[in-house]
Structure formats: structure tokens, C-alpha cells
Amino acid sequence: MSVGFLKNNKGSSIVSVLLFSIIGVGVILGLTPRLLNLSGSYKQTSLRLNYIQFIGNLRATLRDPFSCRLALGNQTLGGPAFGSVNSSLVIGAGASGFLGGPNIQAGYKTRFDEFEIVQARLITTQPNTLIPRIINLDKPSPALTAYRVRINFDVREVLGKSIRLNTLDPDNRFPEYHIDLVANIDPLTGGIYSCHGQDSLAEACEMAGGAFDASPDMDAFPRLRCHPNTRCWVDDIGVRSTAAPPLPMAATPPICPWPYTTVNWIGRVDSQDLWNCQWCNNKLWTPGVN
């Protein structure tokens, strides 16, 4: 009696084990697609966050006119029309070890292999209804044509390469994917002469009728980087005065600090001649001389 009970009990245990094994396999098979999907979603989210951090750091760097000129100097537009694309952009070609690593272009991998760049793009975003701005530096150089441009990248994971993030977004729903800049194009080469962020000091200078000079020529004169373009600048003293000589003697102009060499007579008040020291765009430029 007891032996039979043990046999039946043993048989029931085997059946139970088999039954739970079958159920377990079924549950695993049922969960596998969901687990894989969750894994893919995690990788996609991780890729997106890593890309946004990367693009944010690069945006802060390229917003600066000095860094931007080094990083993008001589790179060309895909064309002046809205939506034109240079899909072979190279960032850092003119600067050795830009950002401490290789040039940023197709094939570039981040330091810790968070992602790989599949394509690097420079897109013209200047609306067709907006006339390109002409920038004239007061030095022997051609007039520069300013365009609004955008940089973004297609990226993918480094190992499996199956997870990809396409950031080409014509509706600009994800501004965190892009870097928006102003690029001044040299008509002799078709390449970028200078560039800067759309909310930078350089852009404020050029919107006010000036031309921001990010070249090494101005390293000794940082306060004078904003050159005259469509307007003449007045020195920071503003109105200067000299003693008015008796008529018919000519008024004596003040000595203006370089580069404010053009003197504008305003008038005469209380035996004083009033003047403005001006700096105008004369297309003659030797730093410290003229």
C-alpha cells in the first residue's frame, strides 16, 4: 500500500515538473519578443540621449566665432537655395585635434563608443524670401555672403549597428537634434570664411551693421573685432571738443585714437568745436596702422 503510494506520488511529481517546464517555456517564448522590444527601446533611448548630449556640447563650441571658424573654415554649402545639403561635412579639418579627437565626419565614433556617425550634413536653412546679408570687412578681402545653416548627423549604435537615429527633421520638431549657425561664405572659394551662433555676440555685431572679425589679426585688439560694415562706428568717448579759434581760422580737429581716424565736425557751442571720432569701412586695413 505504501509502496504504491510512493510510486504514484513519484509519478505525479514527474508530471508536475514536466507540466511546469512546459508552462515555463511557453511563458519565456511569450515574453521573448517583448523583452527584445524593451531592449531595443532602451538602446534607442540611450542612443538618443547620448546624441543630444553630444550635439549640445558641439553646439556650445560652434556658437563661438573663433572655434567655429577653426572647425568649419573652408567647408562648402550644398548650395544657396533653401534645403540644399552638403552631406559630406567635415568638422575640424582646419584644426589639428579639434575637441581633442579626430575630425567629426562620417565614420566618427564617440570616445566611449556610445554611437557612430553615419552621415554628417550641412543644410542651408536661409528662406528663399530672405535676401542674403552681405558682410564687408574693412580689409582687402571680398564681400562675404551670410546664410543661415544647420548641422545634424545620422547616427547608429557601434556594436550591433541595428539601432539608428535619423535626425533629418524638416519640420524642426526636435531642435535638440540640430546646430543652427550663421555662415559667411567667401565668394572666391565658395567655402565658409567665418561662422557663429545665431544668438552670439558676432551675430549681434553683424545685425547692427558691423562685420565681426574672428581672424588672428585681431588677437591684439579684441575690443575692435566688430568692424564697420554698413555704418560708421563712433569711439566710446562720443563727443569730443577743441577750443574754437577766431574766424576765419579753420577749426582744429581732435586727435582720434586708432582706428577712429575719420573726424566728423558736429558744430560750435560756447567757443568749443564739437567732434565725433569715427571709424568707417575704407577697405584699407593694417592692424595698428590704418
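Residues numbered from 1 in each chain as written. Predicted model: local features only at pLDDT ≥ 70, side-chain atom pairs only at ≥ 80, totals over all residues. Heavy atoms only, no water.

What the protein chain contains, in helices and strands, is 3 helices and 12 strands. Relative to its full complement of 290 residues, the protein chain shows a buried share of 38%. A separation of at least 24 residues holds for 62% of the contacts in the protein chain among residues at least 6 apart in sequence. A total of about 16500 Å² of accessible surface is found on the protein chain, and carbon and sulfur atoms cover 60% of it. (Helix = DSSP H or I, 4+ residues; strand = E, 2+ residues; numbered from the N terminus. Buried < 20%, exposed > 50% of the residue type's maximum accessible area, 1.4 Å probe, protein only. Contact = heavy atoms within 4.5 Å. Areas by Shrake-Rupley, 256 points an atom, 1.4 Å probe, with all protein chains shown as cover.)

Using the criterion set out here, one finds 4 disulfides in the structure. Here C68 is linked by a disulfide to C195, with a sulfur-sulfur distance of 2.0 Å. Sign of the S-S torsion, about -120° for the bond between C68 and C195, identifies this disulfide as left-handed. Residue C68 is located in helix α2 (residues 65–72), and its partner C195 is located in strand β7 (residues 192–197); the two are separated by 127 residues in the primary sequence. Residues C68 and C195 agree in their burial class; the two are buried. Covalently, C232 is tied to C280 through a disulfide, its sulfur atoms 2.0 Å apart. (Disulfide = S-S within 2.5 Å.)

Right, let's get into unusual backbone geometry. The peptide bond linking L247 to P248 adopts the cis configuration, its omega dihedral lying at 5°. Tracing the chain through its elements places P248 in the loop between β10 (233–243) and β11 (262–269). A cis geometry characterises the amide bond from W258 onward to P259, with omega recorded as 5°. With respect to the secondary-structure elements, P259 resides in the loop between β10 and β11. The backbone phi angle of N74 is positive, close to 75°, even though this residue is not glycine.

Here the focus is the packing of aromatic side chains. Taken as a whole and assessed by the stated rule, the structure comprises 11 aromatic pairs. Consider the rings of W258 and W285, whose centres lie 5.6 Å apart with planes at 40°: the pair is tilted. Residue W258 is located in the loop between β10 and β11, and its partner W285 is located in the segment after β12 (272–279); the two are separated by 27 residues in the primary sequence. A relative accessible area of 22% means that W258 is categorised as partly exposed. Residue W285 is classed as buried on the basis of its relative accessible area of 8%. Feature note: the residues Y51, F54, Y108, F115, F153, F174 and Y177 constitute an aromatic cluster, connected by ring pairs. The cationic tip of R69 hangs over the ring face of Y193; the distance from NZ or CZ to the ring centre is 4.8 Å. (Phe/Tyr/Trp six-rings, centres within 6.5 Å; stacked < 30°, edge-to-face > 60°. Lys NZ or Arg CZ within 6 Å of the ring centre and 35° of its normal.)

With 5 of 6 residues buried, β7 is to be regarded as a mostly interior element. Bridge analysis of strand β6 (residues 179–185) against β7 gives 5 bridges, and the strand direction is antiparallel. Considered in β7, the bridge of N184 is made with S194. The turn linking β6 back onto β7 is made up of 6 residues, and G190 within it adopts a positive phi angle of 75°. (Pairing = 2+ DSSP bridges.)

To continue, consider α2. Within the span of α2, buried status applies to P65, C68, A71 and L72. Down the axis of α2, the buried side of the element spans an arc of 130°, and every buried residue falls inside it. Count one or two residues on from α2 and you reach N74, which has phi positive near 75°. (Arc of directions from axis to C-beta.)

Here we take up the sheet that holds β10. Strand pairing in a sheet is mediated by backbone hydrogen bonds. Such pairs are either parallel or antiparallel. Strand order in the open sheet formed by 3 strands is β10-β12-β11, and the pairing between neighbours is antiparallel. The open sheet has two edge strands with one neighbour each: β10 and β11. Direction aside, the axes of adjacent strands within the sheet are offset by 25° on average. Across 7 bridges, the pairing between β10 and β12 is antiparallel. Following the sheet pairing, W233 is matched in β12 by W279. (Axes fitted to C-alpha atoms, helices over the stretch in contact; angles between N-to-C directions.)

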